[in-house]
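# Structure at a glance
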Amino acid sequence: MKLPPVRFFKFPLIGFFCLIFLTSWALSSPPGSNSDDEYHLAGIWCAFGERTQICSVDEITGRQSVPRQIQRYSGPQGIFCYAGNEKVSARCIRELSPEVVMELVPTERISEGQYPSGFYKANGFLVGGNINRSILNMRFLQLGIAFVVFSFAIYTAREKALQILTGLFIGLVPIGLWVIPSTQPASWSIIGLVGLGIFLVGFAHDRTTVNSLIAGVGSLFSIFLALQSRRDSPLILLIVLLLFLISQHKTFFRQTNKRITRVLFLVTSLTAAALVHF
């Protein structure tokens, strides 16, 4: 029996090790260790409005309350018990009292339309009684999305795989390592915008129908992630599209008119979507 060539296993192995790399950070960094985590966690907990033991909304003032554990200034009663105190390790999270930390208290550190709701609602489905486990599940959700998007994107652009992987390593370490497996909306922004750039390269270079379809669908999904994460994503998206056209202009001249039309149609559609969200 003839064994598959080494290159058959190359990309799955690279993806597997990258996933382990990001998973190690998701497991090793304590809950609440990302910047503005209390702000985004509150948005996730109240993404669907009032829910028993998760989020309450004052009928008169509209002020929202979330578990004490995810509020930054809860002292030793929250997941930020180690913040600002070099003598206290993150181990203090394990010693929190379940009764106290689940008490709902009002917060003003919460998104009120400053961020799109998509990221918060997707992660809101993972909110449960165990806050630490819920946060860990959310980190794994972002990891899973990143793995799927980047795997399909690199597959469609495999002719440029070495350059893309090099760029990913340089560009995503350490910021991507820190942000992607997190509860920050910027996670989807990075995944979506980087994935979009790779999918577009694959779409421009590949001539097979299946790969073009994967690249097209992947581009749409990537732009959805970006637009559902931050309000400034449309601007960055336009920059990504412009850089793509500039970097690939020589490739266009070697393509057939039909192929050029398909690429420009996809880019124009994505540009229109970005402009609508401004």
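Residue numbers restart at each chain and count upward from 1, following the sequence in its written direction. At least 70 in pLDDT is required for a residue's local features to be given in this predicted model, at least 80 for side-chain atom pairs to be given and counted, and no such filter applies to totals for whole chains, interfaces and linings, which use all residues. Based on all heavy atoms of the structure, the side-chain values leave hydrogens and waters out of the count.

## Remarks on the side chain of Ser111
- Only runs of H or I of at least four residues qualify as helices and only runs of E of at least two qualify as strands under DSSP, and these elements are numbered from the N terminus. As for its placement among the helices and strands, Ser111 is situated in the loop between strand S3 (104-106) and helix H4 (117-124).
- A polar contact is formed between the side chain of Ser111 and the backbone nitrogen of Tyr115, at a distance of 3.3 Å.
- With sequence-adjacent residues up to four places away left out, Ser111 is seen in contact with Tyr39 and Tyr120. Counting of polar contacts relies on pairs of N or O atoms within 3.5 Å, with two restrictions inside protein: one atom must be capable of donating a hydrogen and the other of accepting it, and residues adjacent in sequence are counted only when both atoms are side-chain atoms. Pairs of residues are marked as contacts when any of their non-hydrogen atoms sit within 4.5 Å.

## Quick look at the environment of Asn130
- The residue Asn130 is located in the loop between H4 and helix H5 (131-156) in this model.
- There is a polar contact of 3.2 Å between the side chain of Asn130 and the backbone nitrogen of Asn132.

## Details of the state of the cysteines
- For this text, the term disulfide refers to a pair of cysteine sulfurs within 2.5 Å. Under the defined criterion, the tally for this structure stands at one disulfide.
- Between Cys46 and Cys55 runs a disulfide, and the two sulfur atoms are separated by 2.0 Å. As the torsion about the S-S bond is roughly 100°, the Cys46-Cys55 disulfide counts as right-handed. For the pair shown, Cys46 and Cys55 are each scored as buried. Three exposure classes are used, based on accessible area relative to the maximum for each residue type with a 1.4 Å probe and protein chains only: buried under 20%, partly exposed in between, and exposed over 50%.

## Re the nonpolar core
- One finds Ile44, Trp45, Ile70, Ile79, Val149, Ile180 and Ile191 to be the most contacted residues of the largest nonpolar core, which totals 59 residues.
- Among the elements of the structure, helix H2 (37-45), H4, H5, helix H6 (161-172), helix H8 (186-205), helix H9 (209-227) and helix H10 (233-247) are those that each provide at least two residues to this core.
- When residues of this core are assigned to their parent elements, the largest contribution, 12 residues, is made by H8.
- Setting aside residues up to four positions removed in sequence, Ile70 forms contacts with Glu38, Leu41, Ala42, Trp45, Ile79, Phe80 and Ile131. By convention a nonpolar core is built from buried Ala, Val, Leu, Ile, Met, Phe, Trp, Tyr and Cys residues, the set being connected through side-chain atoms within 4.5 Å.

## A look at the sheet that holds strand S2 (residues 64-67)
- A sheet is described by the order of its strands in space; here three strands give the open sequence S1-S2-S3, paired in antiparallel fashion. Because the sheet does not close on itself, it has two edges, and the strands there are strand S1 (56-57) and S3.
- Pairing analysis gives two bridges linking S1 to S2, with the strands arranged antiparallel. Bridge pairing links Ser56 to Ser65 in S2. In this description, strands pair whenever DSSP reports at least two bridges between them.

## Quick notes on the pattern of salt bridges
- Should a side-chain nitrogen of Lys or Arg be within 4 Å of a carboxyl oxygen of Asp or Glu, the pair is scored as a salt bridge. Scanning the model with the defined rule gives three salt bridges in all.
- For the salt bridge of Arg63 with Glu108, the shortest nitrogen-to-oxygen distance reads 3.5 Å. Within this pair, whereas Arg63 is found in the loop between S1 and S2, its partner Glu108 is found in the loop between S3 and H4, the two being separated by 45 residues in sequence.
- The residue Arg230 makes a salt bridge to Asp232 at a minimum N-O spacing of 3.0 Å.

## So, H2
- Taking burial as the measure, the nine residues of H2 include nine buried ones, the bulk of the element.
- Those residues of H2 not exposed but buried are Asp37, Glu38, Tyr39, His40, Leu41, Ala42, Gly43, Ile44 and Trp45.
- Check the buried side of H2 and you find it contacts S2, H4 and H5.

## Observations concerning the pairing of S2
- Where S1 folds back onto S2 in an antiparallel hairpin, the turn is made up of six residues, including Gly62, whose phi is positive at roughly 75°.
- Pairing of S2 with S3, which is carried by three bridges, proceeds in the antiparallel orientation. Each bridged residue has a counterpart across the sheet, and for Ser65 the counterpart in S3 is Pro106.

## Brief notes about H8
- One fewer than the residue count of a helix, multiplied by 1.5 Å, yields its expected span. The first and last C-alpha atoms of H8 sit 29 Å apart over 20 residues, in line with the 28 Å expected at 1.5 Å per residue.
- H8 sits mainly inside the fold: 18 of its 20 residues count as buried.

## Quick look at a nonpolar patch on the surface
- Two joining distances apply to patches: 9 Å for like charges and 5 Å for nonpolar side chains (Val, Leu, Ile, Met, Phe, Trp, Tyr), and every residue must have over 30% relative accessible area and no salt bridge. Note that accessible areas follow from Shrake-Rupley with a 1.4 Å probe, and for residues the cover is restricted to the protein chains shown. Among the surface-exposed residues, Leu235, Ile236, Ile239, Leu242, Leu243 and Ile246 lie close enough to one another that they form a single nonpolar patch of about 550 Å² accessible area.
- When its relative accessible area of 47% is taken as the criterion, Leu235 is described as partly exposed.

## With respect to the confidence of the model for the protein chain
- Values of pLDDT, which run from 0 to 100, indicate the predictor's confidence residue by residue. Per-residue confidence for the protein chain gives a mean pLDDT of 78, with 78% of residues at or over 70.
- Across residues 1-6, where pLDDT falls below 50, the model places one contact with residues more than four positions away in sequence or in other chains.

## What to know about the environment of Cys81
- Relative to the helices and strands, Cys81 is located in the loop between S2 and helix H3 (98-101).
- Remark: the alpha-carbon pair of Cys81 and Ile93, spanning 12 residues in sequence, is separated by 6.9 Å.

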